[in-house]
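The primary structure of each chain is shown beneath.
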Amino acid sequence: MDFEFSDEQRQLHDAVRSFLAKEHPFERLLAIKRSGSGWDPGVWRGLAELGVPAINVPIALGGLGYGPQ
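Note that this is a predicted model, so its numbers are computed, not measured. (Residues numbered from 1 in each chain as written. Predicted model: local features only at pLDDT ≥ 70, side-chain atom pairs only at ≥ 80, totals over all residues. Heavy atoms only, no water.)

### Details of the pattern of salt bridges
Turning to step 1, where the next piece is worked out: Following the criterion strictly, the structure yields two salt bridges and no others.
Turning to step 2, where the next piece is worked out: A salt bridge links Asp7 to Arg10, with the nearest nitrogen and oxygen atoms 3.0 Å apart. Here the residue Asp7 and the residue Arg10 both occupy positions in helix 1 (residues 7-23), the gap between them amounting to three residues, near one helical turn.
Turning to step 3, where the next piece is worked out: For Asp7, a relative accessible area of 55% translates into the label exposed.
Turning to step 4, where the next piece is worked out: We classify Arg10 as partly exposed; its relative accessible area is 35%.
Turning to step 5, where the next piece is worked out: For Arg28, the salt bridge identified is with Asp40, shortest N-O distance 2.5 Å. (Salt bridge = Lys/Arg side-chain N within 4 Å of Asp/Glu carboxyl O. Helix = DSSP H or I, 4+ residues; strand = E, 2+ residues; numbered from the N terminus. Buried < 20%, exposed > 50% of the residue type's maximum accessible area, 1.4 Å probe, protein only.)

Here it is as structure tokens:
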């Protein structure tokens, strides 16, 4: 079995990692945790722009198709 990321998976990984490092540092995580809501709509909007919610959705339905292979 090949457990290496494909080029597309690596690009998504790098994009999400970069986004979170810039937009959601540890201090922000702590502030959100203290706020009581437990989540930040801005962070989720950013992740949606990267396509994260579509990771497991089939390509035929508009997703990225990275589900179980």
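### Focus on the side chain of Asp40
Turning to step 1, where the next piece is worked out: Note that Asp40 resides in the loop between helix 2 (26-35) and helix 3 (41-50).
Turning to step 2, where the next piece is worked out: Residue classification places Asp40 among the buried residues on the basis of a relative accessible area of 15%.
Turning to step 3, where the next piece is worked out: For Asp40, the side chain forms a polar contact with the side chain of Arg28, separated by 2.5 Å.
Turning to step 4, where the next piece is worked out: Ignoring any residue separated from it by four or fewer positions in sequence, one finds Asp40 in contact with Arg28 and Ile32. (Polar contact = N/O pair within 3.5 Å; in protein donor to acceptor, adjacent residues only side chain to side chain. Contact = heavy atoms within 4.5 Å.)

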